[in-house]
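# Architecture at a glance
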Amino acid sequence: MSLLERLNNDMKQAMKNKEKDKLSVIRMLKASIQNEALKQRQDLTDDEELTVLSRELKQRKDSLQEFENAGRSDLVDKVRTELVYVEAYMPQQLSEEDISKIVNETILEVNATSKADMGRVMGALMPKVKGKADGSLVNKLVQQHLS
């Protein structure tokens, strides 16, 4: 089942169950995917859909951080709820150990020896962990392994 089909089914179920928060998040995700498809003038691949979901997840995490810093507990609760619903559509996240193993393999692949090689490592690594790991965590692990 494609992501859009899953979103449509979940949207119908959320309507039946009168889950307003879930419904609004699903509609937002659908709109983001459909807007991206219109921009590209073709249907999105699974990988491209995952990119859109990752972008939406990152936006919510950034918003959550900003709202927490500003002391807006009303908005913090709302964004946390949205995060739960968005994360439900993301693939299973890799553990820190798994990411570390992939980082080591990638460093060996590109023959990286210092922090100067960080860009090459990240360029080769990110497609491998796309949607399955937080970019800031990956960045931190690469820096640790290269130092």
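All values derive from a computational prediction rather than experimental measurement.

In this section: the overall build of the protein chain. A count of helices and strands for the protein chain gives seven helices and zero strands. Listing every helix and strand of the protein chain by position from the N terminus yields α-α-α-α-α-α-α. Over its C-alpha atoms, taken along the principal directions, the protein chain stretches across nearly 55 × 40 × 25 Å. Of all 147 residues assigned to the protein chain, the portion counted as buried reaches 34%. Counted over contacts in the protein chain with a minimum sequence separation of 6, partners at least 24 positions apart contribute 55%. Of the roughly 9300 Å² that the protein chain leaves accessible, carbon and sulfur atoms contribute 49%. Between the mean site of the 24 positive side-chain charges and the mean site of the 25 negative ones, the protein chain shows a separation of 4 Å.

With that out of the way, let us pick up the environment of Lys 115. Note that Lys 115 resides in the loop between α5 (96-109) and α6 (118-129). Residue class for Lys 115 comes out partly exposed when judged on its relative accessible area of 47%. In this structure the C-alpha to C-alpha distance between Lys 115 and Arg 27, which are 88 residues apart in sequence, comes to 42 Å. Once residues lying within four places of it in the same chain are set aside, the contact partners of Lys 115 are Gln 143, Leu 146 and Ser 147.

When you line up the elements, Val 79 lands in helix α4 (residues 73-87). Along the sequence, Val 79 and Leu 94 sit 15 residues apart, while their C-alpha atoms lie 23 Å from each other.

Attention now goes to helix α7 (residues 135-146). The end-to-end C-alpha separation of α7 is 16 Å, in line with the 16 Å expected for 12 residues at 1.5 Å each. Within α7, the full set of buried residues consists of Val 138, Leu 141, Val 142 and Leu 146. Along the axis of α7, the buried positions cluster into a sector of 125 degrees, meaning they face one direction only. The elements touched by buried residues of α7 are α5 and α6.

This next bit is on the nonpolar core. In terms of nonpolar packing, the biggest core is built from 23 residues, with Leu 3, Leu 7, Leu 29, Ile 33, Leu 53, Val 86 and Tyr 89 touching the most fellow members. Looking at this core, the elements that each hand over two or more residues are α1 (3-17), α2 (20-40), α3 (46-70) and α4. Top element by residues in this core is α2. It accounts for seven residues. Setting aside residues no more than four positions away along its own chain, Leu 53 makes contact with Leu 3, Leu 29, Val 86, Tyr 89 and Met 90. In terms of nonpolar packing, the next biggest core, distinct from the first, is built from 16 residues, Ile 107, Val 110, Met 118 and Val 121 among them.

Further remarks concern unusual backbone geometry. Positive phi, close to 55 degrees, is recorded for Lys 18, a residue that is not glycine. Examined against the element boundaries, Lys 18 turns out to sit in the loop between α1 and α2. We note that Arg 41 has phi near 60 degrees; this positive angle belongs to a residue other than glycine. Tracing the sequence through the fold places Arg 41 in the loop between α2 and α3.

So, on to the layout of surface pockets. Estimated volume of the largest pocket: approximately 390 Å³. Only α3, α6 and α7 provide two or more residues apiece to the lining of the largest pocket. The element that contributes the greatest number of residues to the lining of the largest pocket is α3, accounting for seven residues.

What counts as what
- Residues numbered from 1 in each chain as written.
- Predicted model: local features only at pLDDT ≥ 70, side-chain atom pairs only at ≥ 80, totals over all residues.
- Heavy atoms only, no water.
- Helix = DSSP H or I, 4+ residues; strand = E, 2+ residues; numbered from the N terminus.
- Buried < 20%, exposed > 50% of the residue type's maximum accessible area, 1.4 Å probe, protein only.
- Contact = heavy atoms within 4.5 Å.
- Areas by Shrake-Rupley, 256 points an atom, 1.4 Å probe, with all protein chains shown as cover.
- Lys, Arg positive; Asp, Glu negative; His and termini not counted.
- Charge placed at Lys NZ, Arg CZ, Asp CG, Glu CD.
- Expected span 1.5 Å × (residues − 1).
- Arc of directions from axis to C-beta.
- Core = buried A, V, L, I, M, F, W, Y, C linked by side-chain atoms within 4.5 Å.
- 1 Å grid on protein atoms, 1.4 Å probe; cavity = no way out; pocket = protein on both sides within 12 Å on 5 of 7 lines; lining within 4 Å.
- Points joined across faces, edges and corners; volume = space filled by probe spheres on them.

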